[in-house]
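# Structure at a glance
So the chains spell out like this:
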Amino acid sequence: MTDGPVASTPRRALVVDDEVELGRLVGDYLSREGFAVDVVRTGADALESARSAEPDVVVLDLMMPGIDGVEVCRQLRTFTDAYVIMLTARADEVDKLVGLSMGADDYLTKPFSPRELVARVKAMLRRPRVGQPVPGQVPVRRFGDLAVDPEAREVTLAGRAVELTRLEFDLLEALSSRPRLAFSRRQLIERVWGPDWGGDEHIVDVHVARLRRKLGDDPLASRFVLTVRGVGYRMGAG
C-alpha cells in the first residue's frame, strides 16, 4: 500500500531568449504553474537542451545572435514534436509567417504579458487531440492515393509514408473526418487548436500551406486540401 497518490510527471518547458531578465521572468511564471523549466540563451544550447530534456513546449525568441529562432525551429522539427511558441520583437507579418512556416505553433510579439504567454502555452498543451479513436472502430480514410489512418496516426501517399507534425496530422484528420464539409477557419481552430485558443485565425492558412507542400498538393489545382472561397477548407477526392 502506498502512502498517497503518486505525483504526475510535470510538463517540461524550454525557454530560449538572449535577454537574460526576460528569459528568467518567463521561466519563473512557467515554474509557478508547475512546469519543469530550462532557460538557455543561445540557439545551440536550445538544440542541445531539447535533445536531452525532451520538452513538451519550447518558448523561442526569433531574433538571436548565431543560430536564430527560425533555424532552431527548423532543426527542432527534425527530431521533436514539442509545441513551439515564437517570440518576436517586430510586428512584421513576414517574421510571424516565416517562423510558423518552419513549424512554430503560435507566436507573441514583444512586449507581451507573461500571463498571456503562460495562458497560450497551457491552451496548446490541453487542446484536444482529434486523433484519439476507439481501437478497431475507425477505418483508414482514402482520397485517391492518399490514405489517412486515424488509429495509427499515419499518412501515406502512393504507399509512401508522409511525415507530419502532430498539428499537421490533427488538421488533416479534422478535414478528412467530414470530407464533404467546408470547415471555416474558426471551426478548424476549435477542432485542432482548441476553443480557448486566442491567436490569429490565419495561422490555419500557414499550416494548410505546410500540409499541402508535404502532400505535394498544388494550391492552384489542389487534389487533397481544397480552398472554399469565403469559407475555409474542405477535403478533396484526390
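Shown above is the structure to which this text applies.
The notes below deal with the structure included here. (Residues numbered from 1 in each chain as written. Predicted model: local features only at pLDDT ≥ 70, side-chain atom pairs only at ≥ 80, totals over all residues. Heavy atoms only, no water.)

## Side note on the layout of surface pockets
Here the largest pocket is characterised by a volume of approximately 240 Å³. For the largest pocket, the lining is made up of 14 residues, of which Arg77, Glu163, Thr165, Arg210 and Lys214 are closest to its centre. When residues in the lining of the largest pocket are grouped by element, the largest group, three residues, is from helix H8 (residues 203–215). Taken together, Asp81, Arg153, Glu154, Val155, Ala161, Val162, Glu163, Leu164, Thr165, Arg166 and Phe169 make up the full set of residues lining the second largest pocket. For the lining of the second largest pocket, the secondary-structure elements that each account for two or more residues are strand S8 (154–157) and helix H6 (166–177). (1 Å grid on protein atoms, 1.4 Å probe; cavity = no way out; pocket = protein on both sides within 12 Å on 5 of 7 lines; lining within 4 Å. Points joined across faces, edges and corners; volume = space filled by probe spheres on them. Helix = DSSP H or I, 4+ residues; strand = E, 2+ residues; numbered from the N terminus.)

## So, the pairing of S8
Side-chain alternation along S8 places Val155 and Leu157 on a buried face and Glu154 and Thr156 on a face that remains uncovered. Sheet topology note: the strand S7 (residues 146–149)/S8 ladder contains four bridges and is antiparallel. Looking at S8, one finds that Ala147 is bridged to Thr156. With two bridges joining them, S8 and strand S9 (residues 160–161) adopt antiparallel strand pairing. Residue pairing for S9: Leu157 is matched across the bridge by Arg160. Taking the residues between adjacent antiparallel strands as the criterion, S8 and S9 are bridged by two residues, where Ala158 takes a positive phi near 55°. (Buried < 20%, exposed > 50% of the residue type's maximum accessible area, 1.4 Å probe, protein only. Pairing = 2+ DSSP bridges.)

## Concerning empty space enclosed by the protein
Under the counting rule described, the total for this entry stands at one cavity of 30 Å³ or more. Lining the largest cavity are twelve residues, with Arg77, Asp105, Thr165, Arg166 and Leu167 sitting closest to its centre. Counting only elements with at least two residues in the lining of the largest cavity, the list comes to H6 and H8. In the lining of the largest cavity, the residues fall into three nonpolar, three polar and six charged. (Nonpolar A, V, L, I, M, F, W, Y, C, P; charged D, E, K, R; others polar.)

## What about the environment of Arg160?
The residue Arg160 is located in strand S9 in this model. Given a relative accessible area of 68%, Arg160 falls into the exposed group. For the pair Arg160 and Leu146, spaced 14 residues apart in the sequence, the C-alpha separation amounts to 9.4 Å.

## A few points about the packing of aromatic side chains
Applying the stated criterion to the full structure yields zero aromatic pairs. Over the ring of Tyr29 we find Arg32, and its NZ or CZ is 4.9 Å from the ring centre. Between the NZ or CZ atom of Arg166 and the centre of the ring of Tyr83, over which it lies, the distance is 4.5 Å. (Phe/Tyr/Trp six-rings, centres within 6.5 Å; stacked < 30°, edge-to-face > 60°. Lys NZ or Arg CZ within 6 Å of the ring centre and 35° of its normal.)

## So, the side chain of Thr165
Residue placement: Thr165 occurs in the loop between S9 and H6. In contact with Thr165, not counting residues within four places along its chain, are Arg77, Asp81, Arg210 and Lys214. (Contact = heavy atoms within 4.5 Å.)

## Regarding the nonpolar core
Membership of the largest hydrophobic core comes to 49 residues, with the highest contact counts inside it found for Leu60 and Val155. If we ignore the near neighbours within four places in the chain, the residues touching Val155 are Leu146, Ala147, Val148, Arg160, Ala161, Val162, Leu164, Phe169, Leu172 and Leu215. Formed by 19 residues, the second largest nonpolar core is a distinct cluster that contains Ala13, Leu22, Val57 and Met124. (Core = buried A, V, L, I, M, F, W, Y, C linked by side-chain atoms within 4.5 Å.)

## A look at the environment of Gly238
Locating Gly238 in the fold gives a position in the segment after strand S12 (232–235). Ignoring sequence-local partners within four residues, the contact set of Gly238 consists of Phe143, Gly144, Arg223 and Phe224.

## A short note on helix H5 (residues 114–126)
A rise of 1.5 Å per residue sets the reference length of H5, with its 13 residues, at 18 Å; its end C-alpha atoms lie 18 Å apart and thus fit the reference within 8%. Along H5, the positions that sit buried rather than exposed are Pro114, Leu117, Val118, Arg120, Val121, Ala123, Met124 and Leu125. Buried positions along H5 lie against helix H1 (20–32), strand S3 (57–61), strand S4 (83–88), strand S5 (106–109) and helix H7 (185–193). (Expected span 1.5 Å × (residues − 1).)

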